[in-house]
Amino acid sequence: MAERTAPAAVRNRAAGALLGTAAGDALGAGYEFGDPMAADAPVEMRGGGGFQWAPGEWTDDTAMALVIADAAAAGDLRDEAVQDRIAAAWAAWARDATDVGVQTRKVLTDASAAAGGVPTANHLRAAAAELHAGTSRTAGNGSLMRTAPVALAYLGDAEACAEVAFALSSLTHADPEAGEACVLWSLAIRHSVLTGELDARVGLLGLPAAAREKWLKRLNEAEREPATTFRDNGWVVHALQAAWACILQTPVLPYDPDQHLVDALENCVRAGGDTDTVAAIAGGLLGACHGVGAIPQDWADVLHGWPGRSTDDLVHQARELAAASWAEDPDAELFDLPE
Ligand SMILES: [Mg+2]
C-alpha cells in the first residue's frame, strides 16, 4: 500500500497559501483606505497606516485565519465543538486586537454579551443572523479574508471544503453572498494547492445551482474590467472581483513566473480601498498557485503577527495541515457533475 503523504510540491503550495495570505495582508496594511494609485507607484512592505502596523505585521485577516488553522489541527471543522473553539478564540482575540472589522466586531460583541462571557458558535450565528435581519447589509469581506486554512484542511474532500467554507463564513456573516464567495475562493485555493493552476471557476459547482450563473458573470467581469472598477471592495463581491482582476490581469513573465505573486499583490494595493483584505484574499490564491518559494525572502524575514508567530511558524502549520488532509484520490478534486 502506498504511503499516504502529500507530495512536497503540494505541501509547498499549501505553505504558500497561508504565507501568501499573511504577506498580502501585511503589504496592504500600510495603505488601507487609500485612493487608487498609478500603475508604477511603488508599493512596499512598510507597515504604518491608521493602526501604525510594524513593517511585515499582519492584521485581523491573518489573525482570524490562524484561529481556523489552529482549530483544523485539533479536529474536524464540521464539528460543533471545533466551531465553538473558533468562536471562543475569536472573541478572546477581539478583546485586545488592534483592529477588528466593523461587522465582525459587532457580531463578536453581541454574541459575547448574549453568552454572558465566552460565546459558542451558536451565539455567533444568532448574532450574525440578528444583524442581518436588522440591516440586510452583512455581506462584508470579513469572512472571505480567512479562507486559506479551510482549503488546506480539506485537500482530500471538495464537498467538505465547500460545506465548511460556508459554515465558517456564517459564524459572522449571515448574508449568503459572503458564504458563496468563501465557497468559490476556498475551492479555488484548494485546486491551486493540488495542481499549481489558477482557476476560480472550479468552485462554481460547489455553489447552489441558482447562484452559479451570477458568480460566473462576476468572474467574467473581473477578467475584463480593471480592478478599480470594483471600488466598493469592503463588500465581499467587489473584494473577490478586485482580487481576481489583479491576479488574472497581472502578466505572468515567462522567464520569472514567481514574480507574478509580488506584481499581482502590489496591484491589489494600488487598486485602493480595503487594501490589506483584497491583498490577503489574492495572496491566499497566489501563494497556493506559485508556492511558498514565490514569497520574497525580504518579506519572509519580516512577516509576523498575532499570536506571536513568524514565517517559519506559518509554513510549518500549513504543511502539517496539508499532510493531514491530502488524499491520493484523483476524484476527490472534483464535484460530481449533474446529469
Ligand atoms: Mg485587516
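Remember, predicted model here, so these are calculated numbers, not experimental data. (Residues numbered from 1 in each chain as written. Predicted model: local features only at pLDDT ≥ 70, side-chain atom pairs only at ≥ 80, totals over all residues. Heavy atoms only, no water.)

**Student:** Is there a simple way to think about the overall build of the chain in this case?
**Tutor:** The secondary structure content of the chain amounts to 14 helices and two strands. In terms of overall size, the chain behaves like a compact globule, its C-alpha atoms giving a radius of gyration of 18 Å where 339 residues would be expected to give roughly 20 Å. Projected onto its principal axes, the C-alpha coordinates of the chain cover approximately 55 × 55 × 40 Å. Taking all 339 residues of the chain together, the buried fraction comes to 56%. Excluding contacts between residues fewer than 6 apart, the proportion of contacts in the chain whose partners are at least 24 apart in sequence is 72%. As displayed, the chain has an accessible area near 13,400 Å², and 52% of this comes from carbon and sulfur atoms. Both charge centroids of the chain, one from 23 positive and one from 48 negative side chains, sit 4 Å from each other. (Helix = DSSP H or I, 4+ residues; strand = E, 2+ residues; numbered from the N terminus. Rg over C-alpha atoms; globule rule 2.2 N^0.38 Å. Buried < 20%, exposed > 50% of the residue type's maximum accessible area, 1.4 Å probe, protein only. Contact = heavy atoms within 4.5 Å. Areas by Shrake-Rupley, 256 points an atom, 1.4 Å probe, with all protein chains shown as cover. Lys, Arg positive; Asp, Glu negative; His and termini not counted. Charge placed at Lys NZ, Arg CZ, Asp CG, Glu CD.)

**Student:** Please clarify how the coordination of the magnesium ion should be interpreted in this entry.
**Tutor:** Each angle at a metal carrying four tetrahedral donors should ideally be 109.5 degrees, and each at a metal carrying six octahedral donors should ideally be 90 or 180 degrees. Those donors, T59 (OG1), D60 (OD), D61 (OD) and D276 (OD), are the protein atoms that reach the magnesium ion, and they lie 2.0 to 2.3 Å from it. For the magnesium ion, the single-chain donor residues occur in sequence as T-D-D-x214-D. With respect to class, T59 is no different from D61; both count as buried. (Donors = N, O, S within 2.8 Å, 3.2 Å for Na, K, Ca; no water.)

**Student:** Can you help me understand the packing of aromatic side chains in this one?
**Tutor:** The description of two aromatic rings rests on the distance between their centres and on the angle between their planes. All told, the structure shown has three aromatic pairs when counted by the stated rule. Ring centres of F51 and W53 lie 5.9 Å apart, and the angle between their planes is 55°; on these two criteria the pair is classed as tilted. We classify W53 as buried; its relative accessible area is 7%. Here W185 and W244 contribute two aromatic rings whose centre-to-centre distance is 6.2 Å and whose plane-to-plane angle is 90°, an arrangement assigned as edge-to-face. One end of the pair, W185, is in helix α8 (residues 176-195); the other, W244, is in helix α10 (residues 236-249), with 59 residues separating them in the sequence. An identical accessibility class is assigned to W185 and W244; each is buried. A cation over a ring is seen here: R46 above Y31, with NZ or CZ 3.7 Å from the ring centre. The ring centre of W215 lies 4.6 Å from the NZ or CZ of R218, which sits over that ring. (Phe/Tyr/Trp six-rings, centres within 6.5 Å; stacked < 30°, edge-to-face > 60°. Lys NZ or Arg CZ within 6 Å of the ring centre and 35° of its normal.)

**Student:** Can you help me understand the nonpolar core in this one?
**Tutor:** Soluble, globular proteins show a tendency: their nonpolar side chains are buried together. Counting 113 residues, the largest nonpolar core has L77 and W185 as its most contacted members. Ranked by residues supplied to this core, first place goes to α8 with 11 residues. Residue contacts for W185: discarding those within four places in its chain leaves L144, T147, L240, A243, W244, I247, I281, A282 and L285. (Core = buried A, V, L, I, M, F, W, Y, C linked by side-chain atoms within 4.5 Å.)

**Student:** Hey, could you run me through the side chain of T275 in this one?
**Tutor:** Relative to the assigned elements, T275 resides in helix α12 (residues 275-290). Once residues within four sequence positions are removed from consideration, T275 is found in contact with G28, Y31, E32, F33, C268 and V269.

**Student:** Looking at this model, I keep getting lost on the pattern of salt bridges. Mind explaining?
**Tutor:** Two side chains that carry opposite charge are able to pair once their charged atoms sit near each other. Scanning the entire structure with this criterion turns up 10 salt bridges. Note that E180 and K214 form a salt bridge whose closest N and O atoms lie 2.8 Å from each other. With a gap of 34 residues between them, E180 in helix α8 and K214 in helix α9 (residues 209-224) connect regions that are remote in the sequence. For E225, the salt bridge is made with R224, and the minimal N-O distance between the two is 3.7 Å. In this structure, a network of salt bridges that share partners links the residues E177, E180, K214 and R218. (Salt bridge = Lys/Arg side-chain N within 4 Å of Asp/Glu carboxyl O.)

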